[in-house]
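# Commentary on secondary and tertiary structure
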Amino acid sequence: MNSLAVKRKKVMLMTFGDPATDPRPNRMIKLFHSLGYIVDILCPTCSGTLPIGTHFQISKMHGARLRYPSILLNLLTKIFKSETDFISEQIPYCDFNWVSLVASADYEFLIVEDLQLLPGAMALKGAGNIIFDAREYYPLQNEENIWWQLFERPDRIRLCKRFLNKVDLFLTVSPGLSEAYNRNFGVQAQLFRSTPNIIELTPQVTNSSKIKLVHHG
């Protein structure tokens, strides 16, 4: 019998949200943990207890208007860079030294929950597989904001054109979003709904003058 310890497989989950409270990242972590993986996370904060290995902390997203000059400068800079130079692809939403993590990266799967983190995932990919879990249609996420339309939307479109066809598995939450990505970027996303586990409930008589409703979505 081989006395050497079996090396456990590793997964990296990357998000700008809090995986302790965001349902989809939370379920992804618990799913891969149940399959025997070590799950590292890269995110600004994790407010609860999760079965994770290492938390690589990134800075929180800056105030919206303060981000726009950074995004514009970032976009102009990238025009003159090599299309394969993923590590030098700086993300205007956070300050993180990707190069320091690349050296030790050995992930079978990288789960990306936000479009702007795809360049970093490409830098860490190696022989692994990237799962892009698109919870939004990112080119129109904040279309009501004129500043967002002028400065941020062009970079979202650029990221979609450059990276969507490079991921190994592309997921999204609804048929409408899948159709929009396919129509505008020629990439078909697989439907992976945000449905919770079934819970058996027993109907109870309520107070007709006091009804509580919860809306999520």
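Note that this is a predicted model, so its numbers are computed, not measured. (Residues numbered from 1 in each chain as written. Predicted model: local features only at pLDDT ≥ 70, side-chain atom pairs only at ≥ 80, totals over all residues. Heavy atoms only, no water.)

### What about the sheet that holds strand β5 (residues 129-134)?
The condition is simple: Criterion used throughout: strands pair if DSSP finds at least two bridges between them. Secondary structure follows DSSP: runs of H or I at least 4 residues long count as helices, runs of E at least 2 residues long count as strands, and numbering of each begins at the N terminus.
Pairing is parallel across the open sheet formed by 7 strands, whose spatial order is β3-β2-β1-β4-β5-β6-β7. Pairing within the sheet leaves two strands with one partner each, and these edge strands are β3 (55-57) and β7 (190-191). Looking at chain direction, β5 and strand β6 (residues 169-172) are connected through 4 bridges and run parallel. Bridging from a neighbouring strand, Ala134 pairs with Thr172 of β6.

### Observations regarding helix α1 (residues 23-34)
Because each turn of an α-helix spans 3.6 residues, side chains separated by three or four positions end up pointing in the same direction. The test is simple: Expected helix span is taken as 1.5 Å per residue step, with the number of steps being one fewer than the number of residues. Relative accessible area decides the class of each residue, using a 1.4 Å probe on protein chains only: under 20% of the type maximum gives buried, over 50% gives exposed, and in between gives partly exposed.
Between the first and last C-alpha of α1 there are 16 Å, a value that for 12 residues agrees with the 16 Å anticipated at 1.5 Å per step. Every buried residue of α1 is listed here: Arg24, Pro25, Asn26, Met28, Ile29 and Phe32. Trailing α1 by a residue or two, Gly36 shows a phi angle of about 95°, which is positive.

### Thoughts on the pairing of strand β1 (residues 10-14)
Counting buried positions over the 5 residues of β1 gives 4, a clear majority of the element. Direction of pairing for β1 relative to strand β2 (residues 38-43): parallel, over a ladder of 5 bridges. Within β2, the residue paired with Leu13 across the bridge is Ile41. Relative to strand β4 (residues 109-112), β1 runs parallel, the two being bridged by 4 bridges. The partner of Met14 across the bridge, within β4, is Val112.

### Section: the pairing of β5
Our working definition: The path from the first strand over the helix to the second decides the hand: if it runs clockwise while the strands point away from the viewer, the crossover is right-handed.
Summarising burial for β5: 5 of the 6 residues are buried, a large majority. Relative to β5, β4 is paired through 4 bridges, and the arrangement is parallel. Within the sheet, the bridge partner assigned to Val112 lies in β5 and is Phe132. Following the backbone out of β4, through helix α4 (residues 118-124) and into the adjacent parallel β5, one traces a crossover that is right-handed. At this point the chain moves from β5, through helix α5 (residues 146-163), to the parallel β6, and the crossover so formed is right-handed.

### Here we look at the layout of surface pockets
Vacant regions in the atomic arrangement are exposed by a probe of water-molecule size rolled over the atoms. For clarity, the threshold we go by: In the cavity and pocket records, a cavity denotes points on a 1 Å grid over the protein atoms alone where a 1.4 Å probe fits but cannot get out, a pocket denotes an open set with protein on both sides within 12 Å along at least 5 of 7 lines, and lining residues are residues with an atom within 4 Å of a point. Grid points are joined across faces, edges and corners, and a volume is the space filled by probe spheres set on the points. Residue polarity follows a fixed list, in which Ala, Val, Leu, Ile, Met, Phe, Trp, Tyr, Cys and Pro are nonpolar, Asp, Glu, Lys and Arg are charged, and the others, Gly among them, are polar.
Of the pockets and cavities examined, the largest pocket occupies roughly 620 Å³. Broken down by element, the lining of the largest pocket gets its largest block of residues, 4 residues, from α1. Residue classes in the lining of the largest pocket are distributed as 7 nonpolar, 8 polar and 7 charged.

### Focus on the pattern of salt bridges
Rules: Salt-bridge detection follows one rule: a side-chain nitrogen of Lys or Arg within 4 Å of a carboxyl oxygen of Asp or Glu.
By the definition in use, this model includes 9 salt bridges. Notably, a salt bridge pairs Asp40 with Lys10, separated by 3.9 Å at the nearest N-O pair. Separated by 30 residues along the polypeptide, Asp40 in strand β2 and Lys10 in strand β1 bring together distant segments of the chain. Residues Asp133 and Arg24 are paired through a salt bridge, measuring 2.5 Å at the closest nitrogen-oxygen approach. Of the two residues, Asp133 sits in strand β5 while Arg24 sits in helix α1, which places them 109 residues apart along the sequence. The two residues Asp133 and Arg24 agree in class, both being buried. Beyond isolated ion pairs, a larger network of salt bridges with shared partners links Asp22, Glu113, Asp114 and Arg135.

### Some remarks on the nonpolar core
Just so we agree on the cut-off: Here, the term nonpolar core denotes a set of buried Ala, Val, Leu, Ile, Met, Phe, Trp, Tyr and Cys residues that are joined through side-chain atoms within 4.5 Å. Note on contacts: a residue pair qualifies if any of its non-hydrogen atoms lie within 4.5 Å across the two residues.
Counting residues in each nonpolar core, the largest one holds 33 residues, and the members touching the most others are Leu118, Phe132, Leu164, Phe170 and Tyr181. When residues of this core are traced back to their parent elements, those giving at least two are β1, β4, α4, β5, α5 and α6 (175-185). Not counting chain neighbours up to four residues away, the residues in contact with Phe170 comprise Phe132, Ala134, Leu164, Tyr181, Val187, Gln188, Ala189 and Gln190. Grouped together as the second largest cluster of nonpolar side chains are 14 residues, Val11, Tyr37, Leu50 and Phe109 included.

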